Amino acid sequence: LVNDANFSFLVASSYIIRFYAISNYTLFLLIHDNKIVISKTLKHFEELLPEESFFRSHQSHLINLLHLEKFSKQDGGELLLKNGHRVPLASRRKEEFLKIFQNH
C-alpha cells in the first residue's frame, strides 16, 4: 500500500518496473506506463522490498529484477528493461549485480 497526495494505491510488486529518485520523492514506474509519485526517499523503498527481487543499480534507480531483460557492457554498464527503459549501473554496484545476474 502506497499513498500519494490524493490516493492510496494497492500495488503488487510484480507491477512495479522500477523506482526513480527525485530529491526526497520517489517515482514508481509501473506496467502499462502508470506512474505514482510518493513523498518518501528511494532508500525507504529499498529497505522495505525484498533484495532478491529488487536491485539498487544506481544512486537514483531501483529496479525490479522481474523486468530485467539484459545487461549491456557498453559505457561502463547499463541495464535494459523489458519495457525498453535503459537504467545506468554504477561502477561500484557492478560486481554485486553480475553475481545476481548470473544466478537469476
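For the structure itself, consult the block above.
As the structure is a computational prediction, the values presented were derived from the model and not from experiment. (Residues numbered from 1 in each chain as written. Predicted model: local features only at pLDDT ≥ 70, side-chain atom pairs only at ≥ 80, totals over all residues. Heavy atoms only, no water.)

1. Focus on the packing of aromatic side chains
Aromatic ring pairs: the centre-centre distance and the angle between the two ring planes describe each pair. Counted according to the given criterion, the structure contains eight aromatic pairs. Relative to F45, the ring of F28 has its centre 5.0 Å away and its plane inclined at 90°; by these criteria the two rings are edge-to-face. Of this pair, F28 sits in strand β4 (residues 25-30) while F45 is found in helix α1 (residues 42-48), placing the two residues 17 residues apart along the sequence. F28 sits in the buried class, given a relative accessible area of 2%. (Phe/Tyr/Trp six-rings, centres within 6.5 Å; stacked < 30°, edge-to-face > 60°. Helix = DSSP H or I, 4+ residues; strand = E, 2+ residues; numbered from the N terminus. Buried < 20%, exposed > 50% of the residue type's maximum accessible area, 1.4 Å probe, protein only.)

2. Some words on a nonpolar patch on the surface
A cluster of nonpolar residues, Y20, I22, Y25 and V37, forms a patch on the protein surface that exposes about 360 Å² of accessible area. Here Y25 shows up in strand β4. (Patch = residues over 30% accessible without salt bridge, like charges linked within 9 Å, V, L, I, M, F, W, Y side chains within 5 Å. Areas by Shrake-Rupley, 256 points an atom, 1.4 Å probe, with all protein chains shown as cover. Salt bridge = Lys/Arg side-chain N within 4 Å of Asp/Glu carboxyl O.)

3. A short note on the sheet that holds strand β10 (residues 86-88)
Strand pairing in a sheet relies on backbone hydrogen bonds. The paired strands run either parallel or antiparallel. As summarised here, the arrangement of the three strands in space is β8-β9-β10, forming an open sheet in which the pairing is antiparallel. Both edges of this open sheet fall to β8 (68-72) and β10, since each of them pairs with a single strand only. Along the sheet, successive strands turn relative to each other by an average axial angle of 25°, direction set aside. Of the strand pairs in this sheet, β8 and strand β9 (residues 78-81) are connected by four bridges, and their pairing is antiparallel. Looking at the pairing, S72 lines up with E78 of β9. Across the sheet, helix α2 (residues 94-103) lies against β8 and β9, angled at about 130° from β8, the strand it touches most. (Pairing = 2+ DSSP bridges. Axes fitted to C-alpha atoms, helices over the stretch in contact; angles between N-to-C directions. Contact = heavy atoms within 4.5 Å.)

4. Some thoughts on the side chain of N64
Following the sequence through the fold, N64 ends up in strand β7 (residues 61-64). Under the relative-accessibility criterion, N64 is labelled buried at 1%. With near-sequence residues (within four places) excluded, N64 lies in contact with S13, S14, I16, I17, R18, S53 and F54.

5. Some details on the pairing of β4
The buried fraction of β4 amounts to five of the six residues, a majority that puts the element mostly inside the structure. Examined bridge by bridge, strand β3 (residues 16-22) and β4 share six bridges and lie antiparallel to one another. Note that in β4 the partner of R18 across the bridge is L29. Taken together, the four bridges between β4 and strand β5 (residues 35-38) define a ladder with antiparallel strand orientation.

6. Section: the environment of D4
Position of D4 among the secondary structure elements: in the loop between β1 (2-3) and β2 (8-9). A residue is classified by how much of its surface remains accessible, and D4, at 25% relative accessible area, is partly exposed. For D4, the residues in contact, after removing those within four places along its chain, are F9, I36, V37 and I38.

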